[in-house]
Structure formats: C-alpha cells, structure tokens
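Geometric and topological summary
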Amino acid sequence: MNEMIKVGMADYKVCPYPEAITTLGLGSCVGIALYDPVSRVAGLAHVMLPDSTKISNNRNKAKFADTGITGLVEAMVESGAVKRRLVAKIAGGAQMFAFSRQSDMMKIGLRNVEATKMKLRELGIAVLAEDIGDNYGRTIEFHSASGELKVKSVGRPPKSI
Amino acid sequence: MPKVDLDNMDSVYFDVLKEIGNIGAGNATTALAKLLNMRIDMKIPKVAMTGFDQLTSVVCSEEEIVVGIYLLLEGDVAGSMMFLLKEASAHRLADQLMGREKPAGNTFSAMDLSALQEAGNIIAGAYLSSLSALTNLTITASVPYISIDMAGAILSVPAIEFGKTGDKALLIETCISAKMMISGYFILIPELASYDRILEALGL
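Criteria and thresholds
Residues numbered from 1 in each chain as written. Chains lettered and ligands numbered in written order. Predicted model: local features only at pLDDT ≥ 70, side-chain atom pairs only at ≥ 80, totals over all residues. Helix = DSSP H or I, 4+ residues; strand = E, 2+ residues; numbered from the N terminus. Rg over C-alpha atoms; globule rule 2.2 N^0.38 Å. Contact = placed C-beta atoms within 7 Å. Expected span 1.5 Å × (residues − 1). Buried ≥ 20, exposed ≤ 12 C-beta atoms within 10 Å, placed from the backbone. Bend = angle between axes of the 7 residues up to and from the residue. UniProt positions renumbered as here; feature names shortened; annotations may be inferred. Pairing = 2+ DSSP bridges. Axes fitted to C-alpha atoms, helices over the stretch in contact; angles between N-to-C directions. Core = buried A, V, L, I, M, F, W, Y, C linked by C-beta atoms within 7 Å.

**Some remarks on the overall build of chain A**
- Counting its regular elements, chain A contains two helices and 10 strands.
- By the compact-globule yardstick of 15 Å for 161 residues, chain A fits well, its C-alpha radius of gyration being 15 Å.
- Taken along the three principal axes of its C-alpha coordinates, chain A extends 45 × 40 × 25 Å.
- For chain A, the share of sequence-separated contacts (at least 6 apart) that also reach a separation of at least 24 residues comes to 65%.

**Looking at helix 2 (residues 108-122) of chain A**
- The terminal C-alpha atoms of helix 2 of chain A, which comprises 15 residues, lie 21 Å apart, in line with the 21 Å expected from a rise of 1.5 Å per residue.
- If you follow the buried residues of helix 2 of chain A, they end up packed against strand 4 (30-35), strand 5 (42-47), helix 1 (65-78), strand 6 (87-92) and strand 7 (126-132) of chain A together with helix 5 (151-163) of chain B.
- One or two residues past the end of helix 2 of chain A sits Gly124(A), with phi positive at roughly 70 degrees.

**Some details on unusual backbone geometry**
- With an omega of 0 degrees, the peptide bond running from Tyr17(A) to Pro18(A) counts as cis.
- Of note, Pro18(A) is situated in the loop between strand 2 (11-15) and strand 3 (20-26).
- For Arg40(A), which is not glycine, the phi torsion reads 60 degrees and is therefore positive.
- For Arg40(A), the position within the fold is in the loop between strand 4 and strand 5.
- Since 18 C-beta atoms lie within 10 Å of it, Arg40(A) is described here as partly exposed.
- With phi around 65 degrees, Asn136(B) is a residue other than glycine that occupies positive phi space.
- Relative to the helices and strands, Asn136(B) resides in the loop between helix 4 (110-135) and strand 5 (139-141).
- Judged by the 9 C-beta atoms lying within 10 Å of it, Asn136(B) is exposed.

**Some thoughts on helix 5 of chain B**
All names here are of chain B.
- For helix 5, which comprises 13 residues, the first-to-last C-alpha distance of 17 Å matches the rise-based estimate of 18 Å (1.5 Å per residue) to within 8%.
- A bend of about 35 degrees at Val157 is the largest found in helix 5, and the proline Pro158 appears one to four places after it.
- Of all 13 residues making up helix 5, 13 are buried, and the element is well covered by its neighbours.

**Let's talk about the UniProt feature "domain: CheC-like protein" (unreviewed entry) in chain B**
Residues and elements named next belong to chain B.
- The UniProt record annotates "domain: CheC-like protein" (unreviewed entry) at residues 15-47 and 111-147.
- Overall, residues 15-47 shows 67% helix and 12% strand. The separation of its end C-alpha atoms is 9 Å.
- Helix and strand shares over residues 111-147 are 68% and 16% respectively, and the end C-alpha atoms of the span are 14 Å apart.

**Thoughts on the sheet that holds strand 5 of chain A**
All names here are of chain A.
- Within the open sheet, the five strands sit side by side as 2-5-4-6-7. Their pairing is mixed. One side of each edge strand has no neighbouring strand; the edge strands of this open sheet are strand 2 and strand 7. Across this sheet, the average inter-strand angle for adjacent strands is 15 degrees, counted without regard to direction.
- Where strand 6 meets strand 7, six bridges bridge the pair, whose relative direction is parallel. Opposite Ala88, over in strand 7, you have Val127 as the bridge partner.
- Strands in contact with helix 1 are strand 2, strand 4 and strand 5; relative to strand 5, the strand with the most contacts, it is inclined by about 160 degrees.
- Strand contacts of helix 2: strand 4, strand 5, strand 6 and strand 7, with the helix running at about 20 degrees to strand 4, the strand carrying the most contacts.

**Considerations on the interface of chain B and chain A**
- Each partner contributes residues to the interface: chain B has 25 residues there, and chain A has 27 residues.
- For the side of chain B that touches chain A, the secondary-structure elements that each account for two or more residues are helix 2 (52-59), strand 3 (65-75), strand 6 (145-150) and helix 5 of chain B.
- With nine residues, helix 5 of chain B is the largest single contributor of residues to the side of chain B that touches chain A.

**Comments concerning the nonpolar core**
- Among the nonpolar cores identified, the biggest contains 106 residues, and Leu34(A) and Ile187(B) are the most heavily contacted of them.
- Apart from the residues within four sequence positions on either side, Ile187(B) is in contact with Met81(B), Met82(B), Leu84(B), Pro158(B), Leu171(B) and Ile172(B).

**Thoughts on the sheet that holds strand 1 (residues 5-6) of chain A**
All names here are of chain A.
- One open sheet accounts for five strands, arranged 1-3-8-9-10; its pairing is mixed. Of all the strands in the sheet, just strand 1 and strand 10 (156-160) have a single pairing partner and so form its edges.
- Where strand 3 and strand 8 (residues 138-143) come together, five bridges link them in antiparallel fashion. Directly across from Leu26, in strand 8, lies its bridge partner Arg138.

Now the structure itself:
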C-alpha cells in the first residue's frame, strides 16, 4: 500500500479508494472521518475549535468544527461522494490536563465534540462510531477499503471502531 | 484594534518578544541549576513564529512521547505557559531530582511526577517573575498541571489557545544542558490583549 495521506492540525483532506488517511496525536482536537460506502470516497478533518462564528479571525475554515465539516463534505462531493450517503466516525476531544477549576476554556475537548455532533446532525450525517473524551491523545487511521477507523494511544491497546 | 497581529508581526515587536524569551529562559535555567545544584548551560533560545500545523514538528514528531507542564496565567498578562520535555530528558531530570544514581527505568512513579511538576513550577515561576520584573506587570500562575502523552496531543492545548486569535504560535525553544542532556522547550501563550500590555509596559 502507498503511504497514508496525512492530515495536519486544522486541516482536512479527501482520501480516494483504496487509500488510507491518518492524523497523528489528536488531543483536545477532534478527528472526523467521513465516508461514502458506495463510492468509497473518504475524508478526514482535524478541527481545533468548535465555532467559527465566535472568533473574528476565522479565515482558516479547517480550524473549526462547523466550517471544517462543511468544507470537507464539499471537497468529498467534488471527488465523487454523494452527500446523503455520507456516514461519520469521530475520535478525540480529550482533556489533556486535569485542571482543578473548570471553565469553558478548559473543556475545549468536550465543546469540540458537541459542536462536531451538532454540525453532523444538521447535515444529516449519522455518527456510526466514536472514541471520544477522557484524558489521553489518539492517533487515528481511516481505511477507505474497509470503512474502518483505527485508534492508537500511548499505553493502551489499539482499537478499531 | 490590538497592535499585535500574530500573523503579520512587526519585526520590532518580534525582537522584543524574542528578548523577553531570552531573559525568561535564562532565569529559568538559573533556577533549575540552583534546584539541582549543578552547572547548567543554556543555548541561545530560538524564537519562531510557526503555523500551528508545524508547532509539533519544531519539537519532535507528533507521536513522540513528551512531558508537558502547563500553567494558566492571570493578572495583567493572561494566558498560559507550557514547559515541555522529551520523555528521555524528563527521566533524566526526575533521576536527578530524586537523587538516584542509576536511571529508574521507563516509568514515572507518582513521586517522579510530583517532582517534575514542582520543577516545572520553579522553572516557569522564574521565567514569569523575570517577565514581571521587566515589565512591572502582575502575572500570577496557577498550580502546574502535568501530562505525559504524544507531542501532538499535548501541544494541541497551546495550539488551540493560539488558534483563537490567529494561525500562528510563538515558540521559544531553549535547550538547557547539564552533565546529562536535558532539553526543554518553553511556550508562552499570552492572550492577544496581553501582548499589547507587555509591549506598552516596555514603552513600545
């Protein structure tokens, strides 16, 4: 197999069949793998913040859950995916540091997950599986041939969801 | 409008922030040397504005395990600060702090973590008090929080903070070396308004 397509922080990319796509070291960010099981076009977004409308400097669409998901869907449709067939698997949204005081800033992982789910619901995209929250980082790989999302963490056995 | 725009930083401001990083890291190194009672050399810090997609790769690869000590800042300068050690450096520092002759191995005990956290606190405190003395601004830091995980995951925390105001992060990399190599990185993450306050306090 060719080397996997790599998605960075605040980035999204389309993954044509039968390639695989990965993003490394998700912390409080959320990784959103979208997949059209018929055309087998896949895509992966790595978003950092929940809401583009709350921030004035929002030129980088891939940074936010709302605009990042919309952007990825558009890019996948251009590559032959059909929007109403898309399904999602999501991972990440951890809280990396155990803060004693809880404010919004510290619950960013949770807010990213909520915003992601809200946007997916709005677009009518079902979340088939998730591995979210907790306090550890995750590396994820999405395989367009099987529709499988592999999750790797430090000191934990790898999972496939 | 804030004077400082991280995505298009004026070179004068950049030099000032670089110098602040220099002084802060110098004081932090002195504090660490006192704590360990040994001579520690510091390389001239590298200060870089990096896109946060590259923030991790400046330090190491995304999946490499690092120890992050994170403090929240309040007062005239609000934001956060991170002191980052690669796993091997953290083990060496823990051995040194605990006065062990032989390396303890691959896991951190609860005592090791507590010692590292406290070292992070002292180092970050020295960094911040020099910044505070220089600018005459009040900066108070929270208790230190520690996490050991993939570099990408740890660095996502400051990256998100930078992400709220721009697409770039200010990274001050300081390599400190003792008899054994211990290298660490500082990341100072003031809120955008705090940059203005720092520069204003310095008469810019």
